[in-house]
Structures are given as structure tokens and as C-alpha cells.
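# Fold and contact review
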Amino acid sequence: MFFITYVSLIVTLMLCSTLAVRLWPYRHSLMHRLLLINQVAFILWTFWLLCIFAIPDFESRVLLTRLRPLVVAITPPNWVVMGLMVFYRDQWEKWKKWAVVIYIIPALTIFAAASSILNFSYAEHWVFYNFAEMPSGRGFLSYTFGPVIRVFFAFTLVCVSSLYIMYVHTAIKERGIKRRYAILFALGSSVHMSLEMYARYYVKDMLLMQLSVAYSWPMVMMFYFAVRRHEFLDIKTLAQERVFRNLPNPVITLTAQNELWDLNNAASKLLQLGPSDLGKPARQFPQLAKLTANSETVEYAGRIHQVFYHAIKVSGGEQTASVYVLNDVHPIMELNQDLEESNAILRELNSEILRMTEFNRRIQTVLSHDMTGALSSVNILLHGTREIAEERQETELATRLEKIQQASSGAVSLLRNILAWSSDEDHADNVDLEACLDAAWAQLTPQILQKEIQLRKNIVTSGLVVKSSRFMIEAIFRNLLSNAVRYSFPSSYVDVSLLSSGNEIEISISDSGRGMSLEVVNSILSRDSKKPMGSEGFGLGMHFTMGFVDKLHGKISISSSIGQGTTVKVLLPAT
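As the structure is a computational prediction, the values presented were derived from the model and not from experiment.

## A closer look at the overall build of the protein chain
When helices and strands are tallied, the protein chain shows 20 helices and 14 strands. Here the protein chain holds 575 residues, and 44% of them are scored as buried. For the protein chain, the accessible area works out to roughly 30700 Å², and carbon and sulfur atoms hold 60% of it.

Below, the structure written as C-alpha cells:
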């Protein structure tokens, strides 16, 4: 039995030393710091016990025994605080200002132990006294417990009970990762706590009481694993660390408790923060308050930076860290300002164009009709003239006439398209919706390639057709897809679904872009609005789209919210 205890002491010393070294770089995190303190306490406790085995001098062993409360007293409240941070994270933010209360008794115990070591007469019987050699104790001493130590033992029992109440409550009420942590902590604590309680309150074996730390390594291991999984951001391998430090963009990492965890060289230079600031609450730094305010852009050193936010989560879904990446967009902002001034001029011109749209539409109808007839007559004359030139073997003249005829035919085709778009009574035919969708998407190739947008089609009902002009249906798809691509984020998707519902066909086009406010949506859908309908676009395409949908006796609706994308639905009568 003694040999097993001795080996277990060695295991505890080695394990706690290894884990303490691994935790040292992350001591700016409160949870890691508490675990590190407890591991160091166990290291010293174990080391002193091993020294007692080897030191024959009685007074030296008395001193080592009196030193023990100096490091052991702080461990019970540390376990309780770690339990609260893991299992009651939200409540901990409210309770932490009162956490100092549970350190009062450990502080008094440390004071009493220090006074006893310094041989103050008033503290002679506060901690341990009446030391004597323990028969077959292998160097360990028996002693009498003073009142301070008895109070501390009772306090320890309260702390242990509180921990197990947390474990049971979490195991019953919670699911997922918190429940696994509760079971893990309970299993890790059971070995040490069971032997401690058995030795102290049941058999009252003085030797077992002093050697209980030998069985603490399972608890230390379990706590270390859970704390690491709960809060640790593992970017500290040598290769990743070098890349992280030298990234050109500033990168700032905050823990789930909103403490500054780390930042790379670019962020340190920009924000004027250094290693001494790590572990402190972000609210202490005005430059970090800008980030946590959920702003899309922040200004540092007179330059505008776009903020990219990433939430780091463990497998169970709990957030463990927040990563902020800054991108200097000041040159782009200056360019956008110039473009905005140009757009303001263009919007003003566009407003005038929209006011003239109705009149122009009528003019287009008349001119297209008349010019189509005139150009058709010219084509007939060109055809006859080319045949005469061929009969006379005037090859060069015939070739030129053929080219002129081809150009004229193209102009006729164009005018007929304009006529089809402009006339009140378009030539109706059964138009394949999916074919028009594919044609409209192909026409947007430059925009699609530039932003790397992908189309996801969900053809719920295949072979859908409507009675309409193909040009009009293509125009509806093209305008709506163009808006979706324009306002989508790069490397995202545009979703299109086609389905038949009773006597109607539903076309739905969705993007996951920045979205619009209700005010902008109402402005777009306003039939009386003659102003540009988008805050950044001209709205002319949407204006015509609603006109086309009206001509087809359909309906159009828009649902959108800021940051959630936009969905446009068009309902058309089924053929």
C-alpha cells in the first residue's frame, strides 16, 4: 500500500508539473490561471511530502508540515470558481464581483499559518501543534488540529458539496457538452474527494490525510482536459503561431468572457497594445470597445477598417472565442465617395429618365412599328439590287450589298424586339421558364465570375410554361438575378425555385446578401414612386420588372431585412 502511494505521489508531481508548464503561456485567461495556481499548489504539496520521506530532522519536518496550508488553502475556492465559470457562465458575469467572499476563510487560514511559522505566541495553537513522531509513519508527524484548520476543513466540505451540487444539477438539467463536463468533473473529483473524506471523517487516519494529494492526479487531469476544451483557442503550434503573428491584416482574439486573449503584430502596432495587456477585459481599452460594438467599420489612426467577425465554437455549440479581422478599406472608401458623387449625378439624370419613361414607351412603339416597315421595304430593294449586281457579275458590289442587307436585317430584328417589349399587346406564346432562367443567368456571366456567385436551382415542378413573350420573361429573370448577384457577398449562392401552386406559378429568387430595410422595400414596391428605388442602384430594371409582372396579371413581393438577405417572389397565372 505504501509503495502504491509513493508511486502515485510521483505521478501527481510529474503530471502537475507537465500541465503547469503547458498552461503557463495562457495564464492571462482567468480559468487557466486558477487551474495553474491549483496545479502549482499540488506540486509544492507533493514535493514537501516527498521531502518528509527523506529528511530525518524533526524540526525541518515540522516546518514543512506548517507550510502546507499556505498553498493548499487557496485550492477549494479555485475549484468552485472554475465550476461556476464552466457550468453557469451567464450567471458568473453577475456573481464574479462577489467571488472575493469565498476567499475570506482561505485568506485567514494563510494568515494563521504564516503567523504560526513566524512563531507568534498568539498563533501557537491556531493551525497545527503538539507535533510528535507517528509510529510506522515513515517520517510523517502526528499533530493536533487548531481551530483555524477545523474551520478550514468545514469550509472545504462546503466547497466540495457545492461542486457536486453543480455536477448533479448540470447533469440533470443540461444536455450536450455541459452535461459531459459535469460527468467528467465528477469522475475526476471522486477519487481524491472520496479518499479525503474517508481519511478525515471516517477512519481519521492521520497518515492517509496527509497523503491524500497522491490520489489527486485523476482530478487534475479531468479538470485540465475540460478547461482546455471549454475555453482554449489552439493556434499555438509553431507553424501556425508564426503565420498568425505575421499576417498582414490585424487580428484580435477575445475569450468568451470578453477578455483580450491574443493579437498579432499588425494588430499590436495598430491598437498600441502589447503582451502586458493580454488577459484584461476588453472594456478597459477604448480601441477594443469599437470592435465589440458590432460595427461594420471602425476608424483607427485616421483610416477606415472593415471588421470581419468570426465566432469560434466547440463541437457542442458553445462559443469559446471571438476573432476580429480588420481590413483597411480607406482607399476603397475614398473611391466609393467619388463614385457616390458620380452616382448622385446619375440618379438625378435617372429620375428625369423615369419621368419620361411612359412617353418614351409610346414613342418607341410608334417608331418601331413605322421603322420596321420602312426597313423591310429597304431590305426588299437591297435584295433586288443585289440580284441585278450578281447577274451583271459585279462581284464587289454584290458583296457590299449583301453586307448592307445583313446589317439592315439585324436592325429590323432589333426593332421588332423593341416593339415586342414596348407594345401593349405582346405576342404571347408558351414560354419555358427554366430555359429563360438559364438564358438570363448566362447573360450575367461577367458579374457572376467577378464575385464567384453560384446558382442553386430548385425546380420543384418541371416543365413549367407561361403564356407570354420570351423577351419579357427573360427580362424579369435577368433583372431580379442581376440585383441578387449585385448585392450578394462574394463566393455565396443565389437560390431560385420554380413551383406550381394551384392556378399560379411561383418564382422565388433569394440571396444571402446585406438585405434592405422595410423603408427601402416599401419604396421599391411603391407604384407612384418616380425616384430611384435603391440606395445604391438606379431602380430602372425593377421598375420595368414590376411593369412586366403587371402586364402578365401577376404579383410581386419582396421580403428582406438588414444582414439577412433578400427574397423576391413572383406569382404568375398558370397556363
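## Some words on the sheet that holds strand E9 (residues 454-459)
Here we have five strands laid out as an open sheet, ordered E9-E11-E12-E14-E13, and mixed in their pairing. Only two strands of the sheet have a single neighbouring strand rather than two, namely E9 and strand E13 (555-560). Across the sheet, the mean angle separating the axes of adjacent strands is 15° when strand polarity is ignored. Where strand E11 (residues 493-501) lies against strand E12 (residues 504-511), eight bridges are found, and the strand directions are antiparallel. When the bridges of E12 are listed, valine 496 appears paired with isoleucine 509. Against the sheet, helix H18 (residues 470-486) touches E11, E12 and strand E14 (566-573), its axis set at about 25° to E12.

## Some details on the pattern of salt bridges
Taken as a whole and judged by the stated rule, the model has nine salt bridges. In this structure, the salt-bridge partner of glutamate 133 is arginine 61, at a minimum N-O distance of 2.6 Å. Taken together, the positions of glutamate 133 in strand E1 (residues 128-133) and arginine 61 in helix H3 (residues 58-72) put the pair 72 residues apart, joining distant regions of the chain. Residue classification places glutamate 133 among the partly exposed positions, given a relative accessible area of 43%. Put simply, lysine 280 and aspartate 277 hold a salt bridge, and the shortest N to O gap is 3.9 Å. Among the residues examined, lysine 280 registers a relative accessible area of 33% and is labelled partly exposed.

## What to know about the nonpolar core
One finds Phe87 and Phe128 to be the most contacted residues of the largest nonpolar core, which totals 62 residues. Those residues in contact with phenylalanine 87 that lie beyond four places of it in its chain are Met166, Tyr167, Thr170, Lys178, Tyr181, Ala182 and Phe185. Counting residues in hydrophobic clusters, the runner-up holds 38 residues, among them Val431, Val466, Leu480 and Ala484.

## Notes on the packing of helix H2 (residues 30-54) against helix H4 (residues 75-87)
Axis separation between H2 and H4 bottoms out at 10 Å; the angle between their running directions is 150°. As summarised for this structure, H2 and H4 are arranged roughly antiparallel, according to the angle between their axes. The way H2 lies across H4 gives a crossing that is left-handed. Side by side, H2 and H4 meet where Leu30, Met31, Leu34, Leu35, Ile37, Asn38, Ala41 and Phe42 of the first sit next to Thr75, Asn78, Trp79, Val81, Met82, Met85 and Val86 of the second. Residues of the contact of H2 with H4, tallied by class, amount to 12 nonpolar, three polar and no charged.

## What about the side chain of glutamate 506?
You can see glutamate 506 is positioned in strand E12. Although buried, glutamate 506 forms no salt bridge, and the nearest oppositely charged side chain, lysine 569, lies 4.2 Å from it. Those residues in contact with glutamate 506, other than ones at most four positions away along the chain, are Ser497, Leu498, Leu499, Lys569, Val570 and Leu571.

## Observations concerning the pairing of strand E3 (residues 251-255)
Counting buried positions along E3 yields five of five residues, so the element is predominantly enclosed. Across the two faces of E3 the burial is the same, with Val251, Thr253 and Thr255 and Ile252 and Leu254 all buried. Taken together, E3 and the strand that follows it, strand E4 (residues 260-263), pair antiparallel across an intervening segment of four residues, in which asparagine 258 is found at a positive phi of about 65°.

## Focus: the packing of aromatic side chains
This structure, assessed with the given rule, holds 15 aromatic pairs. Plain terms: the ring middles of tyrosine 88 and tryptophan 95 are 6.3 Å apart, the flat faces sit at 45° to each other, and that makes the pair tilted. With 5.5 Å between their ring centres and 15° between their planes, phenylalanine 120 and tyrosine 122 make a pair best called stacked. Here the aromatic residues Phe128, Phe131, Tyr143, Phe145 and Phe153 are joined through ring pairs into a cluster of three or more. When the ring centre of tyrosine 493 is taken as reference, the NZ or CZ atom of arginine 456 above it lies at 4.0 Å.

## Things to note about helix H16 (residues 433-443)
Note that an α-helix has 3.6 residues per turn; residues three or four places apart therefore point the same way. For H16, every residue scored as buried is listed here: Leu433, Cys436, Leu437, Ala440 and Trp441. Buried residues of H16, viewed axially, fall in a sector of 135°; they line one side.

## Focus: the side chain of threonine 567
Within the fold, threonine 567 resides in strand E14. Within the structure, threonine 567 has its side chain in polar contact with the side chain of serine 510 (distance 2.9 Å). The residues touching threonine 567, leaving out its near neighbours within four places in the chain, are Ser508, Ile509, Ser510, Ser557, Ile558 and Ser559.

## Some thoughts on the environment of valine 220
The residue valine 220 is located in helix H10 (residues 217-231) in this model. Here valine 220 falls in the buried class, since its relative accessible area comes to 0%. A sequence separation of 31 residues divides valine 220 from serine 189, and the C-alpha atoms of the two residues are 8.3 Å apart. Apart from residues lying up to four places away in sequence, valine 220 is in contact with Cys16, Leu19, Gln39 and Phe42.

## Regarding unusual backbone geometry
Positive phi outside glycine occurs at asparagine 119, with the angle close to 60°. Turning to its location among the elements, asparagine 119 is positioned in the loop between helix H6 (104-117) and E1. One non-glycine residue, serine 491, lies in positive phi territory at about 60°. As for its placement among the helices and strands, serine 491 is situated in the loop between H18 and E11. Judged by its relative accessible area of 49%, serine 491 falls in the partly exposed class.

## Focus on the confidence of the model for the protein chain
In this model, the protein chain carries an average pLDDT of 78, and 78% of its residues clear a pLDDT of 70 or more. Below pLDDT 50 for its whole length, residues 230-239 participates in 28 contacts with residues either more than four positions away or in separate chains. Low pLDDT, under 50, characterises residues 530-538; the stretch is placed with 29 contacts to residues that sit more than four places away or in other chains.

## Describing a nonpolar patch on the surface
Residues Trp98, Val100, Val101, Ile104 and Leu108 make up a contiguous nonpolar surface patch of about 540 Å² in total accessible area. Inspection of the secondary structure puts tryptophan 98 in the loop between helix H5 (89-95) and H6. Exposure remark for tryptophan 98: the relative accessible area of 59% places this residue in the exposed category.

Parameters at a glance
- Residues numbered from 1 in each chain as written.
- Predicted model: local features only at pLDDT ≥ 70, side-chain atom pairs only at ≥ 80, totals over all residues.
- Heavy atoms only, no water.
- Helix = DSSP H or I, 4+ residues; strand = E, 2+ residues; numbered from the N terminus.
- Buried < 20%, exposed > 50% of the residue type's maximum accessible area, 1.4 Å probe, protein only.
- Areas by Shrake-Rupley, 256 points an atom, 1.4 Å probe, with all protein chains shown as cover.
- Pairing = 2+ DSSP bridges.
- Axes fitted to C-alpha atoms, helices over the stretch in contact; angles between N-to-C directions.
- Contact = heavy atoms within 4.5 Å.
- Salt bridge = Lys/Arg side-chain N within 4 Å of Asp/Glu carboxyl O.
- Core = buried A, V, L, I, M, F, W, Y, C linked by side-chain atoms within 4.5 Å.
- Parallel < 35°, antiparallel > 145°, perpendicular 65-115°, else oblique.
- Left-handed = near helix turned anticlockwise from the far one by under 90°.
- Nonpolar A, V, L, I, M, F, W, Y, C, P; charged D, E, K, R; others polar.
- Lys, Arg positive; Asp, Glu negative; His and termini not counted.
- Phe/Tyr/Trp six-rings, centres within 6.5 Å; stacked < 30°, edge-to-face > 60°.
- Lys NZ or Arg CZ within 6 Å of the ring centre and 35° of its normal.
- Arc of directions from axis to C-beta.
- Polar contact = N/O pair within 3.5 Å; in protein donor to acceptor, adjacent residues only side chain to side chain.
- pLDDT = per-residue confidence, 0-100.
- Patch = residues over 30% accessible without salt bridge, like charges linked within 9 Å, V, L, I, M, F, W, Y side chains within 5 Å.

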